[in-house]
Amino acid sequence: MINVKNKNTDFELELFIQNLFHEIQSLVYSDENGDSKENKFTEYVMEILTEAGETEGVRVCQYIKENKFENIEFKINGYALEEGYENIDIFISHYRDINELYRVPKADFDKIIKWSTGFINAALKGYLNEIEPSTEAYGLAKILQKQKKNIIRINIFILSNGEIPHDPPTKFTLKNIDDILINFKVWDVERLHRLAQSTGNREPIEIDFEEMMGEVLPCLEMPSKSELYECYLSIVSGTVLSGLYRNYGTRLLESNVRAFLQQTGKINRGMRDTIRKEPHMFLPYNNGLATTAQEVKTKIDANGQRVITSVKDFQIVNGGQTTASLFHTAKNKLFPVDLSKVFVQMKLTVIKDEEKKNETVPFISRYANSQNKVSELDLTSNSPFLQRLEELSQTTYAIDPEDKNKQTIWFFERVKGQYKEALNKEPTVSKQNAFKLKYPRNQVIIKSEVAKYINVWNLHPYHVSKGSQKNYTSFMRDIEVKFKKDKPSRIYWEDLVANAILFNTTDKLFGRKNQDPIGDTNIKSHTVGYCLSYFHYLTNNKLDLGKIWRTQIVEEKLQQELKRLLIRVYQFLNNLDVALISEAAKSEKTWNLLKETKDFSLNMDSIKPYLISDEDYKARYELNVDEVSETKRYETMEKITSLGLSFWDGLCLYMIRQDCLSAVEQNYVFNIKGKLSRNGNLTDVEIEKGGMIIDILNNQNIDFENIKKLSKLDEKELIDPIVIYNRLKLVDNETWKKVIGLGEQTGKLSFKEVSVIKTVMLKLKKQESIDLKRLQIVNDALNKMKKFGIKI
């Protein structure tokens, strides 16, 4: 171990190292089982990488195997599995209990490579007798062996609280296993520090073409300089593009407007057939890629040609289907292809101003040539508003109106083809059927429908009548203003779904062609839109959408009033003195004319039970969005802890016997059980997944009491996080100072307790997750202060 001291000290890095050191000490102190510092470091870093989107479904799993000479042969510290098993993450740590920068020796680094790859090699080749059967690592090894054909890449994350100046192997392969890519990802303390500082907490993709692919990209540079961007044109081989997708997968497509649409449409099948039968014709047939980067490096080669040698934060904003098609076509061993004969043109735009990136990328996609027509709907897929809706949709459960014991999710398709892509990722028919139960096809909402439902609610039926494209453009223009600073809340999503239920119900009330409709179905859409906007106008937008969300239906009496109103609005439109009703419906004058109508009134006695009271309105809509989100997190945590440790312990046995959860979900159960047993820190992802697992088990009508009976543990009383969290929120800054001051003066609080209080204060301020143990430590500290007159 080499300590690194430099007169040009990076003080921010030094502070980061100090904070990291104290964080690990604090985690070990709050762990009653006395877990090792290396394990706590591994767990802490894995959670950071999960939040950054580098991995998901992580699990601490320390395993060390020594030979007869007591030399280490295998070592891993954790792993993460992905549904479908295309991607496997293995973690190995090098940790020193030190609060200053040190350098990991080359010999130690080489051993880390040897130990981790040794384990993977034994697992994939079925040498299970080399791995202790009683360990969790043995279970991981069995999964790797069983899923060998599905695995595309294995990422080995090398974690350290020191500096690692050594480069890992770039083209590492296991003997006789050439088709599985082994990637090494070094996360030393300097890189962790950069991640903590980076905008958006996301690690950009950096590609060195010369080193990774063994070739550079010949290019033409734009002749004139711009302060906003640089631009390069290049011809890229199919081998390079397939290699990039193999290495990085969909991380390359984070800025893409669509998910990979599968090789079922005419365009993708055409690409596949060209790759197989006429690879030399791919360049003239294909429209190429539009890509972006934050930084690009070029040089002049021996022939005087400018070439691209490396790029930073590389993203494919148009041409994701082309890239994925090249990889998936080559992956099919039944039809061998030669990608060296395939070439694709690429336009690479370097956005110099990071602030303008989100604004500029959609326009690049808009004006780039593309194989499949890209509409205005596609171009806004990366809008922060739409990303927030997607996040809300995936974490908000609705009851099944036909079976209130079951729950489903309304699937928001932010990217065209996303639902089908997610369904096709499920590896078996039974899992696809389970996916359809969780995300029913009739509960998919696309972007244009969001615009339709909200604009009807906002009393803009004339925009809706202009058609999905124009209505959507108008809607997004308004949304960009409304949500420029704030983000939509969970209540907004619930109201959106309620409006969808309301719209679809009203649409059915109108009737279908040749099935006794109210009138001419050619103006049905205009009638329904105007009817609902008119209803919201007459009720001052006080319809209780929360009630519709909770029940997932529109009650019969309300339907009767809506049908009366439908008939009245249909008559109004038919009585207009215009040549085309569909054109008149696009005019705001027509809407104003309807509002001025005096010859119709709702039956308010029938409507009143469905309107929201002023008190309920205030409670539903005037809460702080962030507070709602934070409270929701602790409600879910309470849902997890209230079941008791014996439930999660019993579930560890039950799920293996019954195969009721996927391997990834089983990982989360083990994690939750382990952390609850020591009052450890449940991450946001674990809280979310824990809640989802409970819902999955409920949907399968599994008896939770029978699961608890499988546990041999004495039931441990778990603390109620909501009660403590709500108590701590009441403590102001001055009171915290008094608690710390009195605690130190009187000696009633130890140095470690004060350290935990300061950490919790900071986490409350930042609205970060707080683990159960530290909540309890602070709660006990506050109780000690009662005798000094500090009451909360």
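Residues numbered from 1 in each chain as written. Predicted model: local features only at pLDDT ≥ 70, side-chain atom pairs only at ≥ 80, totals over all residues. Heavy atoms only, no water.

**Concerning the packing of helix H19 (residues 490-510) against helix H20 (residues 524-538)**
The geometry of H19 relative to H20 is characterised by a closest axis approach of 10 Å and an angle of 125° between their N-to-C directions. Relative to H20, H19 is oriented oblique. Taken as a pair, H19 and H20 cross one another with a handedness that is right-handed. Here Asn499, Leu502, Phe503, Thr506, Asp507 and Phe510 of H19 come into contact with H20, specifically with Lys524, Thr527, Val528, Gly529, Cys531, Leu532 and His536. Residue composition of the contact of H19 with H20, by class: six nonpolar, five polar and two charged. (Axes fitted to C-alpha atoms, helices over the stretch in contact; angles between N-to-C directions. Helix = DSSP H or I, 4+ residues; strand = E, 2+ residues; numbered from the N terminus. Parallel < 35°, antiparallel > 145°, perpendicular 65-115°, else oblique. Left-handed = near helix turned anticlockwise from the far one by under 90°. Contact = heavy atoms within 4.5 Å. Nonpolar A, V, L, I, M, F, W, Y, C, P; charged D, E, K, R; others polar.)

**Some details on the pattern of salt bridges**
A full pass over the atoms with the stated rule returns 25 salt bridges. Here Asp273 makes a salt bridge to Arg272, at a shortest N to O gap of 3.3 Å. The class for Asp273 is partly exposed, based on a relative accessible area of 27%. With a relative accessible area of 18%, Arg272 lands in the buried category. Between Lys708 and Glu705 there is a salt bridge, and its shortest N-O distance comes to 3.8 Å. Here the residue Lys708 and the residue Glu705 both occupy positions in helix H31 (residues 704-709), the gap between them amounting to three residues, near one helical turn. For Lys708, a relative accessible area of 23% corresponds to the partly exposed category. Note on Glu705: relative accessible area 46%, which makes it partly exposed. Each member of the salt-bridge network shares a partner with another, and the members are Glu494, Asp495 and Arg620. (Salt bridge = Lys/Arg side-chain N within 4 Å of Asp/Glu carboxyl O. Buried < 20%, exposed > 50% of the residue type's maximum accessible area, 1.4 Å probe, protein only.)

**Remarks on helix H24 (residues 588-595)**
Along H24, the residues classified as buried are Thr590, Trp591 and Leu594. Looking straight down H24, one finds its buried side chains confined to an arc of 100°; they lie on one side. Where the residues of H24 are buried, they touch helix H17 (461-464), H20, helix H22 (556-574) and helix H23 (581-584). (Arc of directions from axis to C-beta.)

**Considerations on a nonpolar patch on the surface**
A surface patch of nonpolar side chains, about 220 Å² in accessible area, is lined by Ile235, Leu283 and Phe343. Considering the arrangement of structural elements, one finds Ile235 in strand S10 (residues 229-237). (Patch = residues over 30% accessible without salt bridge, like charges linked within 9 Å, V, L, I, M, F, W, Y side chains within 5 Å. Areas by Shrake-Rupley, 256 points an atom, 1.4 Å probe, with all protein chains shown as cover.)

**Observations regarding unusual backbone geometry**
With a phi close to 65°, Leu459 is a non-glycine residue in the positive phi region. Relative to the helices and strands, Leu459 resides in the loop between helix H16 (447-457) and H17. Notably, Asn540 is not glycine yet its phi reads approximately 55°, a positive angle. Tracing the chain through its elements places Asn540 in the loop between H20 and helix H21 (545-551). By relative accessible area, which is 62% here, Asn540 ends up exposed.

**A few points about helix H14 (residues 418-425)**
Buried within H14 are the following residues: Gln418, Tyr419, Glu421 and Leu423. On its buried side, H14 packs onto helix H13 (384-394), strand S18 (411-413), helix H15 (429-438) and strand S19 (444-446).

**Structural notes on the environment of Gly139**
Mapped onto the fold, Gly139 is located in helix H4 (residues 136-146). For Gly139, a relative accessible area of 31% gives the class partly exposed. With 11 residues separating them along the chain, Gly139 and Leu128 place their C-alpha atoms 9.7 Å apart.

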